[in-house]
Amino acid sequence: MDMPEVIPVCYCGNSAKLNTCWSNNNLGRRFFGCKQFGSGFRKSCRFFSWFDPPLTPRLRVVLLGLLKKVKTLKDARKREKRTWFLVLVIVTVLLFSKP
Ligand SMILES: [Zn+2]
């Protein structure tokens, strides 16, 4: 992966942290933000700077399509597991129920 040559300094005076954005409009696009952001202990500054160029509309559609597919597969797998669990319960009940 390509790494930044120069790491910007945020308003707190720390070197900024490289994060990845997961919103639909900027999927996988990396940005610099305050190291303190989201840590909850100290107030973080509002430093924000994109590192990657914006997604092209085409790439965005392709990425969203792929994510949707992954989600569909995960859901199907969950349903499958649930079904097998139900089968197991029914078989157990049948096995241990007295005639
Ligand atoms: Zn900061």
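Note that the coordinates shown come from a computational prediction; the quantities given were computed from them, not determined experimentally.

Undergrad: Could you clarify how one ought to interpret the state of the cysteines in this entry?
TA: Working definition of a disulfide: a covalent bond connecting the sulfur atoms of two cysteines. The final tally for this structure, using the stated rule, is zero disulfides. The thiol of Cys21 is not disulfide-bonded; the next cysteine sulfur, from Cys34, is found 17 Å away. Given a relative accessible area of 14%, Cys21 falls into the buried group.

Undergrad: Please explain the coordination of the zinc ion as it appears in this structure.
TA: Geometry reference: four tetrahedral donors at a metal, ideal angle 109.5 degrees. Six octahedral donors, ideal angles 90 or 180 degrees. Distances from the zinc ion to its protein donors, Cys10 (SG), Cys12 (SG), Cys34 (SG) and Cys45 (SG), fall at 2.2 to 2.3 Å. For the zinc ion, the four donor atoms are set out with angles of 103 to 114 degrees between them, so the coordination reads as tetrahedral. Its relative accessible area of 4% is what places Cys10 among the buried residues. Among the residues examined, Cys45 registers a relative accessible area of 12% and is labelled buried.

Undergrad: Hey, could you run me through a nonpolar patch on the surface in this one?
TA: Where nonpolar side chains cluster on the molecular surface, the patch consists of Trp84, Val87, Val91, Leu95 and Phe96 and spans about 590 Å² of accessible area. Its relative accessible area of 65% is what places Phe96 among the exposed residues.

Undergrad: Can you walk me through a positive patch on the surface in this structure?
TA: A contiguous patch of positive charge on the surface is contributed by Lys74, Lys78, Arg79 and Arg82. Structurally, the position occupied by Lys74 is in helix α1 (residues 57-96).

Undergrad: Is there a simple way to think about the UniProt feature "transmembrane region" (unreviewed entry) in the protein in this case?
TA: With numbering matched to this structure, UniProt assigns "transmembrane region" (unreviewed entry) to residues 81-97. Taken end to end, residues 81-97 has its terminal C-alpha atoms 24 Å apart, with 94% of it in helix and 0% in strand.

Undergrad: Help me out: how do you make sense of the sheet that holds strand β1 (residues 17-20) in this one?
TA: Sheet strands pair by backbone hydrogen bonding; their relative direction is either parallel or antiparallel. Spatial ordering of the open sheet is given by β1-β2-β3, a layout of three strands whose pairing is antiparallel. Looking along the sheet, the strands with just one partner apiece sit at the ends: β1 and β3 (48-50). For this sheet the average axis-to-axis angle between neighbouring strands, irrespective of direction, equals 30 degrees. Where β1 meets strand β2 (residues 30-33), four bridges bridge the pair, whose relative direction is antiparallel. What sits directly across from Thr20, in β2, is Arg30.

Criteria and cut-off values
Residues numbered from 1 in each chain as written. Predicted model: local features only at pLDDT ≥ 70, side-chain atom pairs only at ≥ 80, totals over all residues. Heavy atoms only, no water. Disulfide = S-S within 2.5 Å. Buried < 20%, exposed > 50% of the residue type's maximum accessible area, 1.4 Å probe, protein only. Donors = N, O, S within 2.8 Å, 3.2 Å for Na, K, Ca; no water. Tetrahedral: all angles 85-135°; square planar, octahedral: opposite > 155°, others 65-115°. Patch = residues over 30% accessible without salt bridge, like charges linked within 9 Å, V, L, I, M, F, W, Y side chains within 5 Å. Areas by Shrake-Rupley, 256 points an atom, 1.4 Å probe, with all protein chains shown as cover. Salt bridge = Lys/Arg side-chain N within 4 Å of Asp/Glu carboxyl O. Lys, Arg positive; Asp, Glu negative; His and termini not counted. Charge placed at Lys NZ, Arg CZ, Asp CG, Glu CD. Helix = DSSP H or I, 4+ residues; strand = E, 2+ residues; numbered from the N terminus. UniProt positions renumbered as here; feature names shortened; annotations may be inferred. Pairing = 2+ DSSP bridges. Axes fitted to C-alpha atoms, helices over the stretch in contact; angles between N-to-C directions.

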